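# A closer look at the structure
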Amino acid sequence: MNGGAVTAGLRRLAARITGDAIVLFARLITAPRTIWQGIEPVPRQRIYYANHTSNGDFVLAWASLPEAMRRRTRPVAAADYWLTTPLRSFVGKEAFRAVLIDRNPETRSEDPVALMVAALNEGASLILFPEGNRNMGPEPLLPFRTGLFHVASRRPDVDLVPTWIENLNAILPKGEVIPLPLLCTVTFGKPVHLRPDEEKDVFLTRARNALLALKPKEDA
Amino acid sequence: MNAALQAPVEFFRLLLAVIVVLSIATAAGELLRQRYDPKGDNPVIENLNARISSWWGMVALLAIAFLFGRVGVVVLFAFLSFAALREFLTLTNKARADHWALLASFFVVLPLQYILVYVGWYGLYAIFIPVYAFLFMPILVALRGDTDRFLSRVAETQWGLMIAVFAVSHVPALITLDIPGFEGRGVLLIAWLVVVVQGAEVLQYLFGKLFGRRPIAPKLSASKTWEGFAGGTMSAVVLGSLLSWLTPFNVWQAALMAVLIVTMGFFGGLVMSAIKRDKGVKDWGHLIAGYGGFTDRLDSVVFAAPVFFHAVRFLWAAG
């Protein structure tokens, strides 16, 4: 037997166990409640686009999917965060199988949209944060970057599923390492599709409103 | 050593009785479903059946804990406190500056309180949260310097600790009381408290559904009526007296204690409803089918436990 193949196999196994352990941990801590609202949890190819308030966001969105769907779903994440240490790189690239994109247009060698479309063409579903950055302000949702539009125009057949993640900001505020055990809700909404000849800004506003509509109402 | 041998024989008698009652309830629920709800779309019947099956789970959990005696009961209620605190603090005012204080609530204050209960250090667990957590937590928050809504943030966190940790921990604390002639049977006192308070809640609900006319606090809850309260309380008092063989009380003492805990439990439920209304939610959580959250199930026990604990300690315990 080839030693390299054994190492690679063990590494894949370790990656899978790490991924499962992180999902279990996230579930134990936040007991996430998953709501499928106007959509069914069936294994279609989808882009789950979510609000972004915390580094734990995609772990939670990922953990909320049924296992078979989770195995085919890859988060889109920032290379500048996930490639900084060997451990992060292992977790990001191998446990989550993240599609790592460089957010800085000046230094990047590969086009993020091309990377995402390539992952879709391999049959994967994606988790995407169209705000681009973590939202730290009082606004519920930042304006969307254009990435979602460009991906949708190259693959208009893929369901765009608005995914609202509630309360994670309190669980893991920016700069904190230890998550607080509070309850979380992940709401998947009715899919959106790019219409033929739909303008970029019109589409992005429509997609953003579909996501905002899933936000639970504020306390009276 | 067989841990299961620690449970007194009365415990198995009670368990058998509870299993019989739940079996009857399950059969009745199934009959109702077949007769009035063949498609499974009647929300009242579906909720009733969900509640009954949740009860099976809760009884199994309690029974296992009771079999392990003091360790089992302390560990079970520590986890219930954790679940309840998580639900409570999900709804309170928070800011980034509270992160360390909130982490300390979950991972320092809660375990310490239960360790103190386990070792039976009454002098400290009776004041640890009301005095020491009360004074030190706001210091942790103040050090971070965010003063926006400071008082409501620290006050709501303290409330969460008092309700979900301090009050709940008085249930397992019953097992540490040294009652002459009742040695080794502390779990029975807990079983009696839980059966009477939870039974009262079910009975108040039933009487309210059948005879309820005048709501006690119409703004809070349309289902909590004077008729339900009176009928449920009286029948729960009868239940408590019938079960006096579980306790160090005679029949009349058991009846009076039942009045005390059932009344506290009822008004505790009312207070917790007021908090839910204030926070704009219907249930505290989603983990118990038919009931919502752990706090929804614990709210009456929360208010009954400390008062019951002190009454027993003052009137029955030695020293």
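Right above here is the structure, for reference.
## A closer look at the overall build of chain B
When helices and strands are tallied, chain B shows 11 helices and 0 strands. Going residue by residue from the N terminus, the α and β elements of chain B occur as α-α-α-α-α-α-α-α-α-α-α. Its C-alpha radius of gyration of 20 Å places chain B within 12% of the 20 Å reference for a compact globule of 319 residues. Over its C-alpha atoms, taken along the principal directions, chain B stretches across nearly 60 × 50 × 35 Å. Here chain B holds 319 residues, and 51% of them are scored as buried. For chain B, long-range pairs separated by at least 24 residues make up 74% of all intrachain contacts whose partners lie at least 6 apart in sequence. Per element, the accessible surface of chain B, about 15,100 Å² overall, is 71% carbon and sulfur. The distance from the centre of the 24 positive side-chain charges to the centre of the 18 negative ones in chain B is 2 Å.

## Considering the side chain of Thr295 of chain B
Residues and elements named next belong to chain B. By the secondary structure assignment, Thr295 is in helix α11 (residues 294–315). Owing to a relative accessible area of 4%, Thr295 belongs among the buried residues under this scheme. There is a polar contact of 2.5 Å between the side chain of Thr295 and the side chain of Glu87. Aside from chain neighbours lying at most four places away, what touches Thr295 is Ala84, Glu87, Met272 and Trp284.

## Here's the deal with the packing of helix α2 (residues 43–67) of chain B against helix α8 (residues 186–211) of chain B
Residues and elements named next belong to chain B. Taken N-terminus to C-terminus, the directions of α2 and α8 make an angle of 170°; their axes are 11 Å apart at the nearest point. When the axis of α2 is compared with that of α8, the two are roughly antiparallel. Along the contact surface, α2 presents Arg51, Trp55, Leu62 and Phe66, while α8 presents Val187, Ile190, Ala191, Val194, Gln198, Val202 and Tyr205. Class assignment of the residues belonging to the contact of α2 with α8 gives a composition of 9 nonpolar, 1 polar and 1 charged.

## With respect to the sheet that holds strand β4 (residues 99–101) of chain A
Residue and element names in this part refer to chain A. Strand order in the open sheet made by the 7 strands is β1-β7-β6-β2-β5-β3-β4, with mixed pairing throughout. One side of each edge strand has no neighbouring strand; the edge strands of this open sheet are β1 (33–36) and β4. This sheet shows a mean twist of 20° between the axes of neighbouring strands, independent of strand direction. In this fold helix α6 (residues 112–121) packs onto β2 (46–50), β3 (73–78), β4 and β5 (125–128), with an angle of close to 170° to the strand it touches most, β4.

## Points about the interface of chain A and chain B
With 19 residues of chain A at the interface, the matching set in chain B holds 19 residues. Interface area, chain A with chain B, both sides summed: about 1,600 Å², of which 66% is carbon and sulfur. When residues of chain A are sorted by the area they lose upon contact with chain B, Leu180, Pro181 and Leu183 of chain A head the list and together hold 34% of the total. The salt bridge involving Arg144 of chain B is made with Glu176 of chain A; its shortest N-O contact spans 3.2 Å. Our enumeration of links across chain A and chain B arrives at 5 residue pairs in polar contact (both at pLDDT 80 or more). The set of elements that each furnish at least two residues to the side of chain A that touches chain B consists of α1 (3–30) and α8 (168–171) of chain A. The element best represented in the side of chain A that touches chain B is α1 of chain A, accounting for 3 residues. The residue makeup of the side of chain A that touches chain B, split by class, is 13 nonpolar, 2 polar and 4 charged.

## Brief notes about the packing of aromatic side chains
For the coordinates displayed, the defined rule picks out 27 aromatic pairs over all chains. Geometrically, the ring pair formed by Trp226 of chain B and Phe229 of chain B is edge-to-face, given 6.2 Å between the ring centres and 65° between the ring planes. In this pair, Trp226 of chain B and Phe229 of chain B are both assigned in helix α9 (residues 226–242), 3 residues apart and thus about one turn of the helix distant. A residue is classified by how much of its surface remains accessible, and Trp226 of chain B, at 41% relative accessible area, is partly exposed. Relative to Phe266 of chain B, the ring of Phe229 of chain B has its centre 4.4 Å away and its plane inclined at 35°; by these criteria the two rings are tilted. With a gap of 37 residues between them, Phe229 of chain B in helix α9 and Phe266 of chain B in helix α10 (residues 251–279) connect regions that are remote in the sequence. Accessibility assignment for this pair places Phe229 of chain B and Phe266 of chain B in one class, buried. By the ring-pair criterion, three or more aromatic residues cluster together here, those being Phe58, Trp62, Tyr81, Trp82 and Phe96 of chain A. One cation-aromatic arrangement involves Arg313 of chain B over Tyr122 of chain B; the distance from NZ or CZ to the ring centre is 3.6 Å.

What counts and how
Residues numbered from 1 in each chain as written. Chains lettered and ligands numbered in written order. Predicted model: local features only at pLDDT ≥ 70, side-chain atom pairs only at ≥ 80, totals over all residues. Heavy atoms only, no water. Helix = DSSP H or I, 4+ residues; strand = E, 2+ residues; numbered from the N terminus. Rg over C-alpha atoms; globule rule 2.2 N^0.38 Å. Buried < 20%, exposed > 50% of the residue type's maximum accessible area, 1.4 Å probe, protein only. Contact = heavy atoms within 4.5 Å. Areas by Shrake-Rupley, 256 points an atom, 1.4 Å probe, with all protein chains shown as cover. Lys, Arg positive; Asp, Glu negative; His and termini not counted. Charge placed at Lys NZ, Arg CZ, Asp CG, Glu CD. Polar contact = N/O pair within 3.5 Å; in protein donor to acceptor, adjacent residues only side chain to side chain. Axes fitted to C-alpha atoms, helices over the stretch in contact; angles between N-to-C directions. Parallel < 35°, antiparallel > 145°, perpendicular 65-115°, else oblique. Nonpolar A, V, L, I, M, F, W, Y, C, P; charged D, E, K, R; others polar. Pairing = 2+ DSSP bridges. Buried area = accessible area lost by both parts, 1.4 Å probe. Salt bridge = Lys/Arg side-chain N within 4 Å of Asp/Glu carboxyl O. Phe/Tyr/Trp six-rings, centres within 6.5 Å; stacked < 30°, edge-to-face > 60°. Lys NZ or Arg CZ within 6 Å of the ring centre and 35° of its normal.

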